[in-house]
Number of protein chains: 2
Amino acid sequence: MKLDERGILIVISGPSGVGKGTVRQALFNMKGHNLTYSVSMTTRKMRPGEVDGKDYYFVTKEEFEQRIKEDKFLEHAEFVGNYYGTPLDKVNEQLDNGQEVVLEIEVNGALQVKKKVPDCVMIFIVPPSKQALYDRLMKRGTESEDVIKQRVEKANREFKVAPKYDYIVVNDDVNNAADRIMAIIRAEHARTSRSIDKYYELIGETDENSEENIGN
Amino acid sequence: MKLDERGILIVISGPSGVGKGTVRQALFNMKGHNLTYSVSMTTRKMRPGEVDGKDYYFVTKEEFEQRIKEDKFLEHAEFVGNYYGTPLDKVNEQLDNGQEVVLEIEVNGALQVKKKVPDCVMIFIVPPSKQALYDRLMKRGTESEDVIKQRVEKANREFKVAPKYDYIVVNDDVNNAADRIMAIIRAEHARTSRSIDKYYELIGETDENSEENIGN
């Protein structure tokens, strides 16, 4: 039994190349979880087979821009002429339904989210060593030395934001990392700040009627 | 791999009759843990079969009182003419060795411990309902109604300290509760405040020599 029944917004982030996506995947492959993705909102055309509200929320450009003005996105960006964003109200609905909503995003997006949802749980995935990350960035493909250098520099900047996160999880082994994140989610539901309201409901007022209850 | 290798002081407390001892026992019965008890210090005589430093640290009354003066106890009490206490330096040695030290104590003692070891993890065990606790307190034995009434009143006072704890864990099922405490311990090791020093060691300075490392 957990006191806190609302879902938690879990933000998984970390320096480029650390393997956030793989960790997130391992997390969703675990048994007995109650995790869900947030559904993004977009202005691009719906493709055959896509379902509104499942793959994306499809809206017009005007609607999207109105939502930006009203500060209704956790984060949003423009990509090849279309908008993409995470709608705050939809995420809140999922959380109210008791689902843990997992957002896997870049460092800059993650810090935006923390401002809008202060009680989200911020998890920073890190490599077992700096060199391990460099090796990954270099193995990624056929890019020129310049591109690799830019990536390394980006990762080095991103390494510095760790103190802004609630937890630091080492991606030495992807299942270990996923396992630790599951422990974090379980633990967070028991945190006093999340549980105290429900606790007071549970025990009621503590100094009235105590005698009446004894005789039952 | 966890960044934070020092053990954590886990304080398990809660209102009288909630079943702290049973939860603690279930916790120690779990597999793969690294939990240990703290060894108490006492002025009472060593009994046959007891081992100094294992069952207790046996010291003289003078030594104990000197330690009280020097504020070297996490908490201490007098019982039937003898002192009993938890020696802070010994607990720190265990923590330095990477062991998680579990203290199961009454509410008043727990709040003392928090003051002396601010980075301990305070866990408040609560019953699934107020009535469940009353039922337990009444079943406990053959005590008079007056004694039961006193216990209920004590529990009602103790219910109110919950906000001073880091976590609230419901003892609806003893194994569930133990399981959640294990998750809390795992999660706490990943907390940024506990991990950040080791993290900086791991990644070193982030803006020097990054280019040199690329070519390897």
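Enquirer: Account for the relation of the copies chain B and chain A, with residues named and values stated.
Expert: Of the two same-sequence chains, chain B is brought onto chain A (RMSD 0.1 Å, axial shift 0.0 Å) by a rotation of 180 degrees. When the rotation and shift are considered jointly, the pair of chain copies conforms to a two-fold rotation axis. Minimal C-alpha separation from the rotation axis in chain B is found for Ala 183 of chain B, amounting to 2.3 Å. Of the residues that chain B buries at the interface, 100% are likewise interface residues in chain A, meaning the two copies contact each other through the same surface.

Enquirer: Let's hear about the sheet that holds strand S7 (residues 100–104) of chain B: which residues, and what values?
Expert: All names here are of chain B. With parallel pairing, 5 strands are arranged side by side in an open sheet as S2-S7-S1-S8-S9. If you trace the sheet from one side to the other, it starts and ends with strand S2 (35–37) and strand S9 (167–170), each paired once. Strand-to-strand twist of the sheet, defined as the mean angle between neighbouring strand axes without regard to direction, takes the value 30 degrees. Sheet analysis places strand S8 (residues 121–126) next to S9, joined by 4 bridges and oriented parallel. Bridged to Ile 123 within S9 is Tyr 167. Relative to strand S1 (residues 9–13), helix H4 (residues 107–116) is tilted by about 155 degrees, and along the sheet it contacts S1, S7 and S8.

Enquirer: Explain the interface of chain B and chain A to me, and be specific about the residues and the numbers.
Expert: Taken together, the contact pairs 46 residues of chain B with 46 residues of chain A. Secondary structure elements with two or more residues in the side of chain B that touches chain A: helix H5 (130–139), helix H6 (145–159), S9, helix H7 (174–189) and helix H8 (192–203) of chain B. Looking at the side of chain B that touches chain A, its residues break down into 25 nonpolar, 10 polar and 11 charged.

Enquirer: With reference to specific residues and values, describe the domain arrangement of chain A.
Expert: All names here are of chain A. Segmentation of chain A into domains returns domain 1 (1–34 + 99–205) and domain 2 (38–97). One C-alpha centre belongs to domain 1, the other to domain 2; they are set 22 Å apart. Across the boundary between the two partners, domain 1 contributes 12 residues, which contact 10 residues of domain 2. Of all the elements in the fold, those that place two or more residues in the side of domain 1 that touches domain 2 are strand S7 (100–104) and helix H4 (107–116). Take the side of domain 1 that touches domain 2: its biggest share by element is 4 residues, from H4. Class assignment of the residues belonging to the side of domain 1 that touches domain 2 gives a composition of 6 nonpolar, 4 polar and 2 charged.

Enquirer: Provide a residue-level description of the pairing of strand S6 (residues 82–87) of chain A, including the pertinent values.
Expert: Residues and elements named next belong to chain A. Across 2 bridges, the pairing between strand S3 (residues 41–42) and S6 is antiparallel. Bridge assignment links Met 41 to a residue of S6, and that residue is Gly 85. Taking the residues between adjacent antiparallel strands as the criterion, strand S5 (residues 73–79) and S6 are bridged by 2 residues, where Val 80 takes a positive phi near 45 degrees.

Enquirer: Kindly report on the confidence of the model for chain A, identifying the contributing residues and their values.
Expert: All names here are of chain A. Of all residues in chain A, 93% attain a pLDDT of 70 or more, and the chain-wide mean is 89. Overall, residues 206–216 carries pLDDT values under 50, and its contacts beyond four positions in sequence, including any with other chains, amount to 15 contacts. Two numbers describe this predicted complex: its pTM, 0.87, and its ipTM, 0.85.

Enquirer: How would you summarise the nonpolar core if you had to cite specific residues and measurements?
Expert: Ranked by internal contacts, the top residues of the largest apolar core, which has 98 residues, are Ile 10, Val 11 and Ile 123 of chain A together with Ile 10, Val 11 and Ile 123 of chain B. Beyond its immediate stretch of four places on either side in the chain, Ile 123 of chain A contacts Ile 10, Val 11, Ile 12, Tyr 165, Asp 166, Tyr 167, Val 169, Ile 181 and Ile 184 of chain A.

Enquirer: With reference to specific residues and values, describe helix H3 (residues 88–96) of chain A.
Expert: Residue and element names in this part refer to chain A. Residues of H3 that are buried include every one of Leu 88, Val 91 and Leu 95, and no others. Take H3 and look down its axis: the buried residues cluster within an arc of 65 degrees, on one side only. More than 90 degrees from the buried face of H3, the exposed residues found are Asp 89 and Asp 96. If you follow the buried residues of H3, they end up packed against strand S1 (9–13), S5, S6, S7 and H4. Of the residues flanking the end of H3, it is Gly 98, one or two places downstream, whose phi is positive at about 85 degrees.

Enquirer: Give a description of the packing of helix H1 (residues 20–29) of chain A against helix H7 (residues 174–190) of chain A that names residues and reports values.
Expert: Residue and element names in this part refer to chain A. Packing of H1 against H7 brings their axes to within 8 Å, and their N-to-C directions diverge by 65 degrees. Every pair of crossing elements has a handedness; the one defined by H1 and H7 is right-handed. Along the contact surface, H1 presents Thr 22, Val 23, Ala 26 and Leu 27, while H7 presents Val 174, Asn 175, Ala 177, Ala 178 and Ile 181.

Thresholds, definitions, all that
Residue positions are given per chain, counting from 1 as you read along its sequence in written order. The lettering of chains begins at A and the numbering of ligands begins at 1, in the order of writing. Only residues with pLDDT of at least 70 get local features here, since the model is predicted, and only at 80 or more are side-chain atom pairs given and counted; chain-wide, interface and lining totals rely on the full set of residues. A least-squares superposition brings the copies together, and it is based on the C-alpha atoms of residues with pLDDT no lower than 70 in both. By definition, residue pairs are in contact when their C-beta atoms, positioned from the backbone, come within 7 Å. Here a strand pair is declared whenever DSSP counts at least two bridges between the two strands. Working definition: helices are DSSP H or I runs of at least four residues, strands are E runs of at least two. Numbering for both runs from the N terminus. For helices, the axis comes from a line fit to the C-alpha atoms of the stretch in contact; other axes are also lines fit to C-alpha atoms, and the angle between any two N-to-C directions lies between 0 and 180 degrees. Lys, Arg, Asp and Glu make up the charged group, whereas Ala, Val, Leu, Ile, Met, Phe, Trp, Tyr, Cys and Pro make up the nonpolar group; the residues left over, Gly among them, are polar. Each domain's extent was defined by an automatic or database domain assignment. Note on scores: pLDDT gives the predictor's confidence for each residue, bounded by 0 and 100. Only buried Ala, Val, Leu, Ile, Met, Phe, Trp, Tyr and Cys residues enter a nonpolar core, and they are joined through C-beta atoms within 7 Å. Residues with at least 20 other C-beta atoms within 10 Å of their own are called buried, those with 12 or fewer are called exposed, and the rest are partly exposed. The C-beta atoms themselves are positioned from the backbone. This arc corresponds to the set of directions leading from the helix axis out to the C-beta atoms. Here a crossing is taken to be left-handed if its near helix is turned anticlockwise relative to the far helix by less than a right angle, and right-handed if that turn runs clockwise.

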